[in-house]
Amino acid sequence: MIIKNAKKQSIILSALFFIHGITYASLVPWIPDLKEKFNLSNYMVGIMISAIPAGSIIFGLFSKKFINFIGLYWATNITFLFLIITISIVAFSSSWYEITLLLFLFGVFDSWGDTCINVQALNIQKSYGFSLINRLHGIGSIGTIWGGLVAVMAIGLGFSMEKFNLTLLSINLTALVIYILLFQKVNTEINFHLPDKHKKKIGLLETQVYIIALTVLVFTCSIEETASIWGAIYMKDIYDVSLVISGLPYLFCQICMVIGRIFGDYYTNKFGGFITLKYGVVLSMIGLILIISVHSVIFTILGFSLIGLGISVIFPLTISFIGQLPNINATSGITFATWMSRIGLLISPPLIGILADFTSLRTAFIAILICCILIFSLINILSVKSIQLNS
């Protein structure tokens, strides 16, 4: 019965991950168009995108109170409703300030939705008894590909951003309403407070491991959005390609993220989480080296693809690791972890933007490569301390 209920919950949760992936991805290919329309500098683009993690950081921790007040199922539905609406009306903004405000609000709902689906994912994984969090995040990446693909197709077909967003808004709202109607009679409520594994006081070693894992998440999120924020702009600035071609780095990056997450659970169950994490970071480093050192459209797209393939497993595996730490409440640990991860999204875009304005976007990508090196070092430290923790 437990496994049967877990399967039902995984189907429902997959739908939420899919919708979650579509929302922001449908905006990404239009960023160069917004930059040109409002004559924005790279720094202003970075600030605009940073409004998303800013909203997440400022109001993200309120998600737990909201969920406890209204219940996880309906809180998720309401959150996703506003998620869809806020991202869809960006096209009708008349200034950079309006876009930034809308993305700030989007960041709030994105953070709340992220907390809901990750806590549920951990519950379902616990029922199954083996790693499946990668494939759930993989469903989200498929949604991201779909959102990015239809946006690129719309640009290629000559659609305006306004018409595209209205169409996508109608489709997303219809899908959400169908989802609510189909599952309103199903018991999808999952206890928000996961039971503590231990009642002991948190020791120094657990605290150190938790802080290192949080730091890995911060650096990971700063890398994950490289293709979505800068991929299209990089292609336009460096190679002067069309809007359709400029969206390919992001699209191929997301495709490879899906591949990485679908097969990530297999490699995690076979070789262990830390080995999978290390090889993932190495692949991302190779991708960045290709982008920085080889002047080629094809190799640039390949580089972004390798970034997506490598970075795909790091966030879900780190979240899973945090949720299983002894003496730390899983719900509180995940809530704070998803909140902290937004710091990377907040700091990285304006930092890369400033570096790009003073040097070039290609040179600025060296900072992302340094983040990869730091993640690899932190994973090595985390592996050693994890052995000490379990001994």
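In this text the structure is predicted, and so the values were computed from the model without any measurement. (Residues numbered from 1 in each chain as written. Predicted model: local features only at pLDDT ≥ 70, side-chain atom pairs only at ≥ 80, totals over all residues. Heavy atoms only, no water.)

Novice: In this structure, what is going on with the overall build of the chain? I would like to understand it.
Specialist: Counting its regular elements, the chain contains 17 helices and zero strands. Against the globule reference of 21 Å for 391 residues, the chain gives a C-alpha radius of gyration of 20 Å, in line with a compact fold. Principal-axis analysis of the C-alpha atoms places the extent of the chain at approximately 55 × 45 × 35 Å. Considering the chain as a whole, with its 391 residues, one finds that 59% of them fall into the buried category. Taking the contacts inside the chain whose residues are at least 6 apart along the sequence as the reference set, 85% of them involve residues at least 24 apart. (Helix = DSSP H or I, 4+ residues; strand = E, 2+ residues; numbered from the N terminus. Rg over C-alpha atoms; globule rule 2.2 N^0.38 Å. Buried < 20%, exposed > 50% of the residue type's maximum accessible area, 1.4 Å probe, protein only. Contact = heavy atoms within 4.5 Å.)

Novice: Before we go on, may I ask you to explain a nonpolar patch on the surface in this structure?
Specialist: Among the surface-exposed residues, Ile-142, Phe-252, Ile-255, Ile-259, Ile-262, Phe-263, Tyr-266, Tyr-267, Phe-271, Ile-275 and Tyr-279 lie close enough to one another that they form a single nonpolar patch of about 1100 Å² accessible area. Sort the elements by how many residues they give to the nonpolar patch and helix α12 (residues 248-271) lands first, with eight residues. Examined against the element boundaries, Ile-255 turns out to sit in helix α12. Residue classification places Ile-255 among the partly exposed residues on the basis of a relative accessible area of 31%. (Patch = residues over 30% accessible without salt bridge, like charges linked within 9 Å, V, L, I, M, F, W, Y side chains within 5 Å. Areas by Shrake-Rupley, 256 points an atom, 1.4 Å probe, with all protein chains shown as cover. Salt bridge = Lys/Arg side-chain N within 4 Å of Asp/Glu carboxyl O.)

Novice: Sorry, what's going on with the packing of aromatic side chains here?
Specialist: Working definition: an aromatic ring pair is given by the centre-to-centre distance plus the angle between the planes. A full pass over the atoms with the stated rule returns 16 aromatic pairs. Residues Phe-82 and Phe-109 carry aromatic rings whose centres are separated by 5.2 Å and whose planes lie at 20° to one another, so their mutual orientation is stacked. Of this pair, Phe-82 sits in helix α5 (residues 72-88) while Phe-109 sits in helix α6 (residues 96-128); the two residues are 27 residues apart in sequence, bridging distant segments of the chain. On the accessibility criterion, Phe-82 (38% relative accessible area) is partly exposed. Three or more aromatic residues joined by ring pairs make a cluster, and in this case those are Phe-66, Phe-82, Phe-109 and Trp-112. (Phe/Tyr/Trp six-rings, centres within 6.5 Å; stacked < 30°, edge-to-face > 60°.)

Novice: Is there a simple way to think about the environment of Ile-347 in this case?
Specialist: With respect to the helices, strands and loops of the structure, Ile-347 is situated in helix α16 (residues 330-358). For Ile-347, a relative accessible area of 49% corresponds to the partly exposed category. Separated by 30 residues in the primary sequence, Ile-347 and Leu-317 have C-alpha atoms spaced 23 Å apart.

Novice: Explain the pattern of salt bridges here, please?
Specialist: A side chain of one charge can pair with a side chain of the opposite charge if their charged atoms are brought near each other. Going through the model one piece at a time under the given rule, you end up with four salt bridges. Among the ionic pairs, Glu-162 bridges to Lys-37, the shortest N-O distance being 3.8 Å. Here Glu-162, found in helix α8 (residues 161-183), pairs with Lys-37, found in helix α2 (residues 31-37); they are 125 residues apart in sequence, far enough to count as distant. Judged by its relative accessible area of 47%, Lys-37 falls in the partly exposed class. Among the salt bridges present, the one from Glu-224 reaches Arg-261, with a minimum N-O distance of 3.0 Å. You can see Glu-224 sitting in helix α9 (residues 204-224) and its partner Arg-261 sitting in helix α12, a full 37 residues away along the chain.

Novice: It is not clear to me how the confidence of the model for the chain should be interpreted in this structure. Could you clarify?
Specialist: Do not read the predicted coordinates in detail wherever pLDDT is low. For the chain, per-residue confidence averages 83 on the pLDDT scale, and residues scoring 70 or more make up 91% of the total. Ranking the elements of the chain by mean pLDDT puts helix α1 (residues 2-25) last, at 75, and helix α14 (residues 297-311) first, at 94. Overall, residues 186-199 carries pLDDT values under 50, and its contacts beyond four positions in sequence, including any with other chains, amount to 32 contacts. (pLDDT = per-residue confidence, 0-100.)

Novice: Even after reading the chapter, I still don't get the packing of helix α3 (residues 42-59) against helix α10 (residues 226-239), so can you show me in this structure?
Specialist: A pair of packed helices can be characterised by two numbers: the angle between their axes and the separation between those axes. In the contact formed by α3 and α10, the axes pass within 11 Å of each other and the chain directions differ by 165°. Comparing the axis directions of α3 and α10 gives the class roughly antiparallel. Crossing handedness for the pair α3 and α10: right-handed. Between α3 and α10, the contacting residues are Asn-42, Val-45, Gly-46 and Ile-49 on the first element and Ile-229, Trp-230, Ile-233 and Asp-237 on the second. Residues that form the contact of α3 with α10 fall into these classes: five nonpolar, two polar and one charged. (Axes fitted to C-alpha atoms, helices over the stretch in contact; angles between N-to-C directions. Parallel < 35°, antiparallel > 145°, perpendicular 65-115°, else oblique. Left-handed = near helix turned anticlockwise from the far one by under 90°. Nonpolar A, V, L, I, M, F, W, Y, C, P; charged D, E, K, R; others polar.)

Novice: Please explain the nonpolar core as it appears in this structure.
Specialist: Nonpolar side chains tend toward joint burial in soluble globular proteins. With 117 residues, the main nonpolar core has Tyr-24 and Leu-103 as its most contacted residues. A total of 14 residues in this core trace back to one element, the largest contributor, which is α6. If we skip the residues at most four places from it in the chain, Tyr-24 touches Ile-31, Ile-49, Ile-52, Ile-87, Phe-106, Glu-225, Ser-228 and Ile-229. (Core = buried A, V, L, I, M, F, W, Y, C linked by side-chain atoms within 4.5 Å.)

Novice: Could you clarify how one ought to interpret the packing of α9 against helix α15 (residues 314-323) in this entry?
Specialist: Contact pair α9 / α15: the axes reach a minimum separation of 10 Å and the direction vectors enclose 160°. Comparing the axis directions of α9 and α15 gives the class roughly antiparallel. The handedness of the crossing between α9 and α15 comes out as left-handed. On α15, the residues touching Val-209, Tyr-210, Ala-213, Leu-214, Val-216, Leu-217, Thr-220, Cys-221 and Glu-224 of α9 are Ile-314, Phe-315, Thr-318, Ile-319, Phe-321 and Ile-322. For the contact of α9 with α15, a count of residues per class yields 12 nonpolar, two polar and one charged.

Novice: Which parts of the structure should I look at to understand the environment of Trp-230?
Specialist: One can find Trp-230 in helix α10. When its relative accessible area of 3% is taken as the criterion, Trp-230 is described as buried. Taking the C-alpha atoms as reference points, Trp-230 and Val-45, separated by 185 residues in sequence, lie 9.4 Å from one another. If we skip the residues at most four places from it in the chain, Trp-230 touches Asn-42, Gly-46, Glu-225, Pro-349, Ile-352, Gly-353, Leu-361 and Phe-365.

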